[in-house]
Amino acid sequence: MLDNYYTTADYAKCNSEFPKKVELHVHLDGTITHKTAWELVRSKQLPLPGNGTYEDFSKALLITEPESLHHFLSPYKYITPAYAGDMAANERIAYEYCMNAAKDNIIYAEVRFSPHKSLGEKEYNRLGFAGLEAVVEAVIRGIERGEKDFGITVKVLLTAYYGWSYGDQFEVLKLCQKYDKVVGMDLCTKQPDNGVSDEAPVTAELLFLFEEAKKTGVKTTIHAGEASGPKAIERAKDYYRCDRIGHGYHAVQDPVIYKSCLEEKIHLECCPWSSLLTAAVKPSDSHRKHPIVRFAEDEANFSLNSDDPTFTGKFINGDFILAQSWGLTKEQISQSILNAALASFLPENEKSKLVKEIASTYHLKY
């Protein structure tokens, strides 16, 4: 079991050292607090793990052993039925993300979710595209209330799943084009229960999707180099010409691909705790430097993010603290925050203000 206990003093110290943070890679349905998930599951009388107590439920949501990405995501089976198709629940989850992010000094975030998953297959079959619009609008309502109440700015990324059982990726692109609050599209390759599917597979359909996104000004990020190897990163940046890479740890396994990432300054959205708990960085690799340490030492363009706090048990401060325990300096982490601001999908006038604010806070040049 990984030692993942931090004290209130640890979190206070992190907030003191890093008074303004930016988050680019976090899954909205992976930010549900255990208390909220419990209330939603109970209200719908859904099956509960263990003896049906809150303690057993919370324990089932928390991943402490690094086995696989599938294992890490397995608690979704308890919580997805509790919010799928429920507009009030989706709005609540978005609002509460703003609240918890603000507590960790996040001033700007891009939170992602799959509209198909958040709507659910039953409601999708009933409502079609109108249902997807409704769930996006519910999330936006929650975010806008949260922005007002907690003084945070949050934009939306919509996730298109390759291999999803219903709907299609072009519906996601259409939603990205419709809503101003949505600033980009994410591609994630659905992973099987056993084994690994190559991330960012090259298909005619996906190539057309990304070409259309590029033509219409929709920014893109692709999960790559987490579940599968460095070739996925190469496909994401060279075939799909994405603006950012989600995770990207396995870039270091291929010197040529890694060098290209450094030279092209491709932004890598890194998530320290989930990199361990998904076994993307395997326990057997403990004798090597963690890829995030390599990224920092090599001045790669990377950021630190929380990914799925519901399952790691931590919002972004926990990831900052873990990175510090690996030896990342205050200066390196401050630079990663500026990197995130520079790589954000904000309109240029808004991005300029954010970059200046972060650079001024940490006395950095850009």
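For the structure itself, look to the data block above.
Owing to the predicted nature of the structure, the values given are computational and were not obtained by experimental measurement. (Residues numbered from 1 in each chain as written. Predicted model: local features only at pLDDT ≥ 70, side-chain atom pairs only at ≥ 80, totals over all residues. Heavy atoms only, no water.)

Enquirer: Sorry, what's going on with the overall build of the protein here?
Expert: Within the protein, the secondary structure is distributed over 19 helices and 8 strands. A compact globule built from 366 residues should have a C-alpha radius of gyration of about 21 Å, and the protein, at 19 Å, falls within 12% of that. Dimensions of the protein, computed from the C-alpha atoms along their principal axes, are close to 50 × 50 × 45 Å. Out of the 366 residues in the protein, the part that is buried amounts to 58%. Pairs at least 24 apart in sequence give 75% of the contacts found in the protein among residues at least 6 apart. (Helix = DSSP H or I, 4+ residues; strand = E, 2+ residues; numbered from the N terminus. Rg over C-alpha atoms; globule rule 2.2 N^0.38 Å. Buried < 20%, exposed > 50% of the residue type's maximum accessible area, 1.4 Å probe, protein only. Contact = heavy atoms within 4.5 Å.)

Enquirer: Before we go on, may I ask you to explain the pattern of salt bridges in this structure?
Expert: Think of it this way: side chains of opposite charge can pair up when their charged atoms draw near. One pass over the full model with this rule turns up 26 salt bridges. For Arg-126, the salt bridge goes to Glu-123, with nearest N and O atoms at 2.7 Å. Taken together, the residues Arg-126 and Glu-123, both in helix 8 (residues 121–127) and 3 residues apart, mark about one turn of the helix. Its relative accessible area of 17% is what places Glu-123 among the buried residues. Ionic pairing is found between Glu-147 and Lys-181, a salt bridge with its closest N-O pair at 2.7 Å. Taken together, the residues Glu-147 in helix 9 (residues 129–150) and Lys-181 in the loop between helix 10 (169–178) and strand 4 (182–189) connect sequence positions 34 residues apart. Judged on exposure class, the residue Glu-147 and its partner Lys-181 are both buried. Connected through salt bridges with shared partners, the residues Glu-110, Arg-112, Asp-186, Arg-244 and Glu-269 form a single ionic network. (Salt bridge = Lys/Arg side-chain N within 4 Å of Asp/Glu carboxyl O.)

Enquirer: Any chance you could explain the sheet that holds strand 2 (residues 106–113) here in plain terms?
Expert: Hydrogen bonds along the backbone pair up the strands of a sheet, which may run parallel or antiparallel. An order of 1-2-3-4-5-6-7-8 is seen for the 8 strands of this open sheet, with the pairing classed as parallel. Each having just a single partner strand, strand 1 (21–27) and strand 8 (302–304) make up the two edges of the open sheet. Taking each pair of neighbouring strands and ignoring which way they run, the sheet shows an average axis angle of 25°. Here helix 10 sits on the sheet and contacts strand 3 (153–162) and strand 4; the angle it forms with strand 3, its principal contact strand, is near 160°. (Pairing = 2+ DSSP bridges. Axes fitted to C-alpha atoms, helices over the stretch in contact; angles between N-to-C directions.)

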